[in-house]
Structures are given as structure tokens and as C-alpha cells.
Amino acid sequence: MGTTFDVTTIDNALADLAAGEKVWAQTSLRRRGELLDEIHQRTGRFAEDWVRAAGTIKDLDPASPLVGEEWMSGPLTLLQATAALSETMTALAAGRSPLDGVRLGSAPGGRVAVPILPHDRYDRLLLSGFRGEVWLRPGVDADTARRRAGLAQLDPTTTHGIGAVLGAGNITSIPVLDALYELYAHNRVVALKLNPLTDPLYTVFEMIFAPLLELGVLRILLGGTEAGSYLVRHADVAHVHMTGSTQTHDAIVWGTGKRERMQLDKPITSELGGVSPTIVVPGDWSDADLQFQAEHIATQRLHNGGYNCVAAQTVVLSADWPLKHKFLNELRAALELAPHRAPYYPGSDRRVASALESYPDAEQLGQGRVLVELPNSETPLLRTEYFAPVLGVVQLPYAGGEFLARAVDFANNELTGTLGANVLAHPATIRRLGIAFDRAVERLRYGAIAVNAWTGLAFLAPRASWGAFPGHTLADVQSGIGVVHNAFLLDDVERTVVRGPFRPAPRTLLHGELSLSPKPPWFVGNSTAAATGRKLTEFYASSNPARLPGIFLSAIRG
């Protein structure tokens, strides 16, 4: 295996794909759906191998609850994606829109809202109290949305060459989800180059994606920076998609010298990171609320060790909130008590050291975790994605609705990136603010927005769009260009908005929230996350309702 650069291997793979493109053009919509079903079945079969390899990459103790992250963001995510995309292909094969039977709604600003959560009865059970919508761009009406849903699969015989996908090294489902999106949304056969960090997954992916490999429409490649550079600049590659850092993107597009001339002669789409905010709207929170939401933010920062493109990096608080100090103490405790783990991602220690150099008065909590009190403008943490367990806190001198409006301005204007933003607010505060709260959500210029949830849920939800807010350019790419996932294959996507319960069950029922969800299994302090993640994966692999009681029991114990 290894990451040795091999020109011949890449050339041969691209030659195979050139032939495979002709095969793909002749592959019926029905057969394309069947291929997804086969991949779904094989994902269930090899899920444990996947999680074992991911645990090796990330130096996780096999007995640790943190292994649950690998079940949920690995095979479970792919199982849900293949099932959702297969449903779309079934509709298209029958001559229907993927949105037929879906009741479209409206969002602020006259936008069309496409509901993506809950989608079926299992969503209503397993994600009780969570909701989600994809908002389309202003001016797109419902009839247009239905007509355009399907993207390149509306004309499946017209293919678009070879797409090179540069896989991410953090969340293990990202590379394969990106490859599927190239193949199905854009009708491009795919050369997927894995990040060297994920090389141990090569054989697992070969086994899972054998149907596409045998058809000749997918090739999985290894190698480092030199191999990636050769691949994306190859004359036979028509398009590039990458997930990674802005620095890597710009090196591909502009080279490592001055930006005098583009070095890439083909289109590129990207999902990059940024400095994601969590806005904490002041309200009358109980002690239990303070503790739960502090752990919520700790999860947003520390999930996967902090190596997430949408990890929260800046908490925005009201300086006038009477509960501010109490909340910050709970946040310190949550960061301190979260399970320790190895800093597996390359350069993590260096990035933490850089933060400490910029902020010598920062608090060091637990193992390598940094909490920084920040000024509210022109400071490195607002401009630099640390991709490490570094969290900043900004206090704005406002209260109530004015705080929320100013916090949105701060997030839009002071922070680098537009991938994801979180808003935590008491239900009574949301009701009191009314239309002002809806307007604040509308004004956030982010590709994913989570209200009383984490934007990571939008990543996990297969029908959600995932990518930066539209409008970035190659010269100022921010969090990237284009979207992925999007299993309805919607055109004209602007953003995804997900909402969750403010409290976990059973406290939800005591306060009138219609949710039966306990502490989410993706919380870093969830003691049964590994067991629940495994059980969820087994359920989505089989759709056997007999597995549901075991999931609920495990989730409640967490």
C-alpha cells in the first residue's frame, strides 16, 4: 500500500475510467440505483472492519465510547446516504421527481424550504424532536425546484468526463461520499485519491465499492502531495473536487508562488473549513440547561478530537447575561471532563502551540485543550482555523434581541469561513423574539445553520446539502464552492437549517418540548456512544424494527 508516487498507476487508472465513462453513459437509472443498494449491503457487511481501521488511524482504545464517533460518522453515514440516493434514483427511473410526495414549505425571504428531517417513521423515532430543511436560493419557486431535482441524472446518458476527488483525512466517510456525489450528481466517473492518513481504509473501501470498481467508473488511488498534484493537473481529468484546508486549495489553484496566474486549467469545487461560531442567546436557563448546553459546545469543539471543518471555534456571549459566569464555569468543566484522546491529526500540537503563543493568558484545560477570552475584532483566532482543540470566547456588550442581531453581524463580518454556524436559545426566548429570531437565522451567511443542535447533524443527514454559503470565488474561496451530499439532488441550494430540542428527554417532556431524544449519542461525554453507534449502524444496514428497542435502551443509558 503506502503513499509512494506512481505515475503509471495513475495513468492506468485514468485510462480505465475513460473506458468506464462510456459504460456509465449506458447504465440505466434503475441499474444505478441497484449499484447503490449493493454498496449499502456491502457497507453493512464490512462496517466493523471500517471502524477497526478508523480506530487504528486515530489511536482509539477499542473499548472507548469515542469509537462511537467512528461508527456514526463512518459506515452509518454511508448507509444513510446510499439508501437516500437510491430512493432518488428509484423516483427518477419511474419518471418522477425526487420531490414528488414531498410537501415543500417556505422560509424567510420567500424562499422554498425542502424538508429533509424527519423523512420517514424511523427518523421520527430515532431523531425525535429534530427537524431540518434545505433552503433554496431566493427566486426559485416550488415548480422549478421539483423540475430541476435530479441534476445530471435528468440526462443520464450525457456524462462529464473524469472527476478527481482529493479525500479528506479526518472524517472517514467524506472521501467516499464526495466520490458518490461526483458520480451521481454530476455524472462524472471518479478517481478518488485518499489522504495518506486514511490509507488503512483502502482495502475496506475496495471491498465496499467493488460494484463500482468492477464497472470501471471508480478508481481508488494512494499517494501524497506529489500524486495529488499530478492527478489534478492530468490532461484526462475534467474536474477537481477537494475537501481540506484553504491553503491546500490555493496551492492547487494558484501554486505556491505569487498569485499572478492560475495553475489549474479546469473547474474545481471544494468543501473547506473556517472559524465556526456558536451564538449563545441570553435567557433564563436552569442549572441543568447550563450544564447540558456547555457539554453541547464542548462536543461541537472536541468531536473527533477537534479535527472537524465545522468544529465550533468561537463562542459568542452577551456580556450583559446574568448567567454568563456560571455558563463559562460549566463550559470549562465540560472541556476538562471530556474524554482524553491522542492528538492524531498531523500538526495538531504545532497549531495548539501557535494559539498559546498568540494568547499567553489562555486557559489550558485537560489534555491539550485551550480556552481563550478574545477581543471582538482583529485577532488571530477569528481569522485562523486551528483544526485543533482551541476554543475562543467573545463577549458582545448587548442584551436580548439586539445581542442576537449584533452577534449575527459579528459572525458574518469578523469570522473567516461560511461553512457552519450554531445558535443556542431557550424556547421561551425564541418565542419572545418571534420574527426577529427568524430574521437572524435568515441573515446568517452560512451553508449550514443549527438551532439548538450542532451543524454536524447536517453532515450526517443524507438529504441535507453540505458546503459553504454560495458566492465565494477562487480568489477568495473562504469555506469553498459548491455542495455535496444533497441526496434529493436539488439544484439552486443556498443552505441547510437544522433544529433540535433545547433539552434532552425526559426534561423535554416536563417543559412542553415534543421530543423523546435523550442526550445525543454524538456528545463526547456519552458513555454508551460506541454501543449506540454500533446498534444504529446495524439497524440502518438491515432496517429490522426488532433492533429498535436495543437502540433506545442504549441511548437512554448514555
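What you are looking at is a predicted structure, and each value in this text was computed from that prediction instead of being measured. For every chain, the first residue of the written sequence is number 1, and numbering continues from 1 onward in sequence order. Per-residue local features of the predicted model are confined to residues with pLDDT of at least 70, and side-chain atom pairs are confined, for both listing and counting, to 80 or more; whole-chain, interface and lining totals are unaffected and use all residues. For side-chain calculations, the full set of non-hydrogen atoms in the structure is used, while hydrogens and water are omitted.

Undergrad: For this particular structure, what's the right way to read the pairing of strand β14 (residues 420–424)?
TA: On a regular strand, one side chain projects to one face of the sheet and the next to the other, so that they alternate. Buried residues dominate β14, accounting for 5 of its 5 residues. Side chains G420, N422 and L424 project from β14 onto one buried face, and the interleaved A421 and V423 project onto a second face that is buried too. A pair of strands is treated as paired once DSSP finds two or more bridges between them. Numbering of helices and strands runs from the N terminus, with a helix taken as a DSSP run of H or I at least four residues long and a strand as a DSSP run of E at least two residues long. In this sheet, β14 lies alongside strand β9 (residues 276–280) in parallel orientation, the contact comprising 3 bridges. Considered in β14, the bridge of I279 is made with V423. Each residue's exposure class comes from its accessible area (1.4 Å probe, protein chains only) as a fraction of the maximum for that residue type: buried when under 20%, exposed when over 50%, partly exposed otherwise.

Undergrad: Could you clarify how one ought to interpret helix α3 (residues 47–57) in this entry?
TA: Every α-helix winds through 3.6 residues per turn, so residues three or four apart in the chain are directed the same way. Residues of α3 that are buried include every one of A47, W50, V51, A53, A54, G55 and I57, and no others. Of the residues one or two after α3, D59 is the one with positive phi, at around 55°.

Undergrad: Can you help me understand the packing of helix α5 (residues 75–93) against helix α8 (residues 174–185) in this one?
TA: The description of two packed helices rests on the angle between their axes and on the distance between the axes. Two elements in contact, α5 and α8, have axes whose closest approach is 11 Å; the angle formed by their N-to-C orientations is 10°. What the angle tells us is that α5 and α8 run roughly parallel. Of the residues in α8, those in contact with T77, L78, A81, T82, L85 and M89 of α5 are V176, L177, L180 and Y184. Note on geometry: axes are C-alpha line fits, over the in-contact stretch for helices, and angles between N-to-C directions span 0 to 180 degrees. Working definition: roughly parallel below 35 degrees, roughly antiparallel above 145 degrees, roughly perpendicular at 65 to 115 degrees, and oblique for all remaining angles. Contacts are residue-level and defined by heavy atoms, with any inter-residue pair within 4.5 Å sufficient.

Undergrad: So what exactly am I meant to see when it comes to the side chain of R463 here?
TA: For R463, the location among the structural elements is in the loop between α20 (456–460) and β16 (465–467). For R463, a relative accessible area of 9% puts it in the buried group. Pairs of N or O atoms within 3.5 Å make up the polar contacts considered here, provided that, within protein, one atom can donate a hydrogen while the other can accept it, and that residues adjacent in sequence are counted only when both atoms are side-chain atoms. Separated by 3.4 Å, the side chains of R463 and E87 make a polar contact. Among the polar contacts made by the side chain of R463, one reaches the side chain of H119 at a distance of 3.3 Å. Sequence-distant contacts of R463, that is, excluding residues within four places in its chain, are made with A84, E87, I116, H119, V134, N486, A487 and F488.

Undergrad: Explain the packing of aromatic side chains here, please?
TA: The description of two aromatic rings rests on the distance between their centres and on the angle between their planes. Only the six-membered ring of Trp is used, alongside the rings of Phe and Tyr, when aromatic pairs are assigned; centres must lie within 6.5 Å, and planes under 30 degrees apart are stacked while those over 60 apart are edge-to-face, with the rest tilted. Within this structure, the stated rule accounts for 16 aromatic pairs. On the basis of an interplanar angle of 65° and a centroid distance of 5.9 Å, the ring pair of F130 and W522 is categorised as edge-to-face. One end of the pair, F130, is in the loop between α6 (121–126) and β3 (131–136); the other, W522, is in the loop between α21 (507–510) and α22 (529–542), and 392 residues separate them in sequence. Exposure class is identical for F130 and W522. Each is buried. Ring geometry for Y307 versus F387: centroids 6.1 Å apart, planes at 45°, classification tilted. Placement of Y307 in the loop between α13 (287–302) and β10 (312–318) and of F387 in the loop between α16 (380–383) and β13 (390–396) is noted, with a sequence separation of 80 residues between them. For Y307, a relative accessible area of 2% corresponds to the buried category.

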